[in-house]
Amino acid sequence: MTAVDSAPAHSLTGLTAVVTGGRQGIGAAIARALLRHGARVFVCGRSCEGVAAAVDALHHEGLTGARGFAGDLSEAGARHELLRDCGRADILVNNAGGFLEPTRTLDTTRAEWEEQLRLNLTLPFLLCRDFLPPMIDNGWGRIVNIGTVAATAPQLGNSAAYVAAKSGLVGFTRQLAAEVAHHGVTANVLNPGTIRTEHLADYLESSGQREEDLAARIPVGRLGRAAEIGDLVPALVSRSAGFLTGAVIDVNGAAVSS
Ligand SMILES: NC(=O)c1ccc[n+]([C@@H]2O[C@H](COP(=O)([O-])OP(=O)(O)OC[C@H]3O[C@@H](n4cnc5c(N)ncnc54)[C@H](OP(=O)(O)O)[C@@H]3O)[C@@H](O)[C@H]2O)c1
């Protein structure tokens, strides 16, 4: 029996998680939820100051399992450094992502297209490829990729390249789930609807939209909260979630399109 088998099903104690883009927004909510369930969590971001501030805040909440990692994970050297710092990750949450401003297809430059694919699709692929071998060796692992509601429901006012990348993330995750299922590794996509975060504030500014107008299109009648995504993740990655894999889980207040 391994350490993973012997711990209670509802606890993540003894497990190590990596959360990319974990210093703010949805990523910070995911990190907090995993920490509350007992995991050791590497909060990743590009800036040393930003990551240090996020980890300090978590420590002040008594979540002492928080660790920080600052670096550009597009670079192989940074990913290997992260892997070395963690030892191994039992749980990988590919959350870093987003887009700068709404851009229709005809206004999208090739550079913007490639940047969106790099951040929202290639980066999760590279991290999965680096972190999977130790999961496979251990016979256990959990991967959660953060997509978007726009991958299944087109939205005017979005970025064509971002939607393409996040749609690719859905296909990639399903394929990956099938490939690693017999190794005890699961892979799922969580597709958030409109969630109030720092990123959303930038989006409102660049698109000229108002929060009330976005909320009016959501049957629940309001924007989502980051914790309403974060608090789902411990269940998705729990020891008892071994049969939940290859799933695309929409968390969007019943929004189907806008
Ligand atoms: N908020 C929403 O309504 C919503 C809806 C659907 C999907 N999502 C998805 O949910 C995830 C989190 O979004 P959020 O709203 O919490 O956004 P956020 O507050 O902007 O946080 C996103 C994180 O991604 C990282 N990131 C952004 N650009 C990056 C780049 N070029 N290279 C590396 N890292 C980068 C940032 O990390 P550092 O700056 O610390 O490096 C940032 O902390 C994203 O994948 C987003 O696409 C959000």
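Scroll up a little and you will see the structure.
The sections below set out a description of the structure shown in this document. (Residues numbered from 1 in each chain as written. Predicted model: local features only at pLDDT ≥ 70, side-chain atom pairs only at ≥ 80, totals over all residues. Heavy atoms only, no water.)

### Points about helix α3 (residues 48-60)
Worth spelling out the cut-off: Helix and strand definitions follow DSSP, with helices as H or I runs of at least four residues and strands as E runs of at least two, each counted in order from the N terminus. For a helix, the expected span equals 1.5 Å multiplied by the residue count minus one. Relative accessibility under 20% of the residue-type maximum defines a buried residue, over 50% an exposed one, and the middle range a partly exposed one, all with a 1.4 Å probe and only protein chains included. It is the directions from the helix axis to the C-beta atoms that the arc portrays. In this description, contact between two residues means that some pair of their heavy atoms is separated by no more than 4.5 Å.
Over its 13 residues, α3 extends 18 Å from the first C-alpha to the last, a length consistent with the 18 Å expected when each residue adds 1.5 Å. Listed as buried for α3 are G50, V51, A54, V55 and L58. Down the axis of α3, the smallest arc covering the buried residues is 125°, so these residues share one side. In α3, those exposed residues whose orientation departs by more than 90 degrees from the buried face are C48, E49 and H60. Tucked inside the fold, the buried residues of α3 contact α2 (25-36), β2 (40-45) and β3 (66-70).

### Focus on the site of the ligand
To keep things clear, this is the line we draw: We call a residue near a molecule or strand as soon as one heavy atom of that residue lies within 4 Å of the molecule or strand. Here a polar contact means two N or O atoms within 3.5 Å. Within protein one must be a hydrogen donor candidate and the other an acceptor candidate, and residues neighboring in sequence count only if both atoms are side-chain atoms. Only the protein chains shown count as cover for residues, with accessible areas throughout obtained via the Shrake-Rupley method and a probe of 1.4 Å. Three classes are used: nonpolar for Ala, Val, Leu, Ile, Met, Phe, Trp, Tyr, Cys and Pro, charged for Asp, Glu, Lys and Arg, and polar for all others, with Gly counted as polar.
In the neighbourhood of the ligand, 27 residues make up the surrounding shell, with R23, R46, N95, Y162 and T197 lying closest. In the model, an oxygen atom of the ligand is placed 3.0 Å from a nitrogen or oxygen of the Q24 side chain. R46 places a polar side-chain atom, nitrogen or oxygen, 2.7 Å from an oxygen atom of the ligand. Protein burial of the ligand: of its 870 Å² of free accessible surface, 90% is covered by the chains. Where the shell around the ligand is concerned, the elements lending two or more residues are α2, α5 (110-138), α6 (160-180) and α7 (198-207). Residue composition of the shell around the ligand, grouped by class: eight nonpolar, 13 polar and six charged.

### Concerning the packing of aromatic side chains
To keep things clear, this is the line we draw: Under the pairing criterion, centres of Phe, Tyr and Trp rings, with the six-membered ring standing for Trp, must be within 6.5 Å; the plane angle then separates stacked pairs below 30 degrees from edge-to-face pairs above 60, leaving the rest tilted.
Tallied over the entire structure, the rule returns three aromatic pairs. Relative to Y162, the ring of F99 has its centre 4.6 Å away and its plane inclined at 50°; by these criteria the two rings are tilted. A residue pair is termed long-range when its members are at least 10 positions apart, and F99 in the loop between β4 (91-94) and α5 and Y162 in helix α6 qualify at 63 residues. By relative accessible area, which is 10% here, F99 ends up buried. The exposure class of Y162 is buried, given its relative accessible area of 8%.

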